[in-house]
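The chain contents come next:
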Amino acid sequence: MLYYVLICICLVLTGLAGLQMFYMMYLDRLDRERKNRIQLLERRCRRLTHRLEMAERQLEEQEALLSTVYVTEEEDDGAWADVIEDP
C-alpha cells in the first residue's frame with residue numbers, strides 16, 4: 001500500500017513539475033512578445049518624432065514666409081486709421 005502512495009506522490013510531483021515547466025515557457029513567450037512590442041513602439045516613436053520635427057520645421061518656414069510677404073493685422077489697422085484721418 002505504501003508503494004501505491006509513493007507512486008501517486010511521484011506522479012503528482014511529476015505533473016506539478018510539468019505544469020511549472022509549461023508555465024515558465026508561457027511566461028518566456030509573453031516576455032519575448034512584450035520585448036517585440038516595445039521595439040515596435042520605439043521604432044514608431046522615432047518615426048513619429050522625426051515626422052513631428054519635419055512638420056515643425058515646415059511650419060516655421062511657412063510662418064517666416066508669411067511674415068515677410070504679408071502685412072500683419074496690427075500694422076494693417078494702423079495704416080487704415082491713417083488713411084481715414086488724412087482727408
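To be clear, the structure that these remarks concern was listed above.
Residues numbered from 1 in each chain as written. Predicted model: local features only at pLDDT ≥ 70, side-chain atom pairs only at ≥ 80, totals over all residues. Heavy atoms only, no water.

A few points about the overall build of the protein
At step 1: Check the secondary structure of the protein and you find two helices and zero strands.
At step 2: Looking at the protein as shown, the accessible area adds up to about 8,700 Å², and 63% of this sits on carbon and sulfur atoms. (Helix = DSSP H or I, 4+ residues; strand = E, 2+ residues; numbered from the N terminus. Areas by Shrake-Rupley, 256 points an atom, 1.4 Å probe, with all protein chains shown as cover.)

What about the state of the cysteines?
At step 1: Using the criterion set out here, one finds zero disulfides in the structure.
At step 2: Here cysteine 10 is not cross-linked by a disulfide; its sulfur's nearest cysteine counterpart is in cysteine 8, at 9.4 Å.
At step 3: You can call cysteine 10 partly exposed: its relative accessible area is 48%. (Disulfide = S-S within 2.5 Å. Buried < 20%, exposed > 50% of the residue type's maximum accessible area, 1.4 Å probe, protein only.)

Quick notes on the pattern of salt bridges
At step 1: Scanning the model with the defined rule gives three salt bridges in all.
At step 2: Between glutamate 33 and arginine 29 there is a salt bridge whose closest N-O contact spans 3.1 Å. On the criterion of helical spacing, the pair formed by glutamate 33 and arginine 29 is a turn pair, its members being four residues apart in helix α1 (residues 2-69). (Salt bridge = Lys/Arg side-chain N within 4 Å of Asp/Glu carboxyl O.)

Side note on a positive patch on the surface
At step 1: Judged by side-chain charge, Arg37, Arg43, Arg44, Arg46, Arg47 and Arg51 come together as a positively charged surface patch.
At step 2: Residue position: arginine 46 is located in helix α1.
At step 3: Note on arginine 46: relative accessible area 53%, which makes it exposed. (Patch = residues over 30% accessible without salt bridge, like charges linked within 9 Å, V, L, I, M, F, W, Y side chains within 5 Å. Lys, Arg positive; Asp, Glu negative; His and termini not counted. Charge placed at Lys NZ, Arg CZ, Asp CG, Glu CD.)

A look at a nonpolar patch on the surface
At step 1: A contiguous nonpolar patch, built from Met1, Leu2, Tyr3, Tyr4, Val5, Leu6, Ile7, Ile9, Leu11 and Leu13 and spanning about 1,200 Å² of accessible area, is present on the exposed surface.
At step 2: Inspection of the secondary structure puts leucine 2 in helix α1.

Comments concerning a negative patch on the surface
At step 1: Together, Glu53, Glu56, Glu60, Glu61 and Glu63 line one region of the surface with negative charge.
At step 2: Note on glutamate 60: relative accessible area 54%, which makes it exposed.

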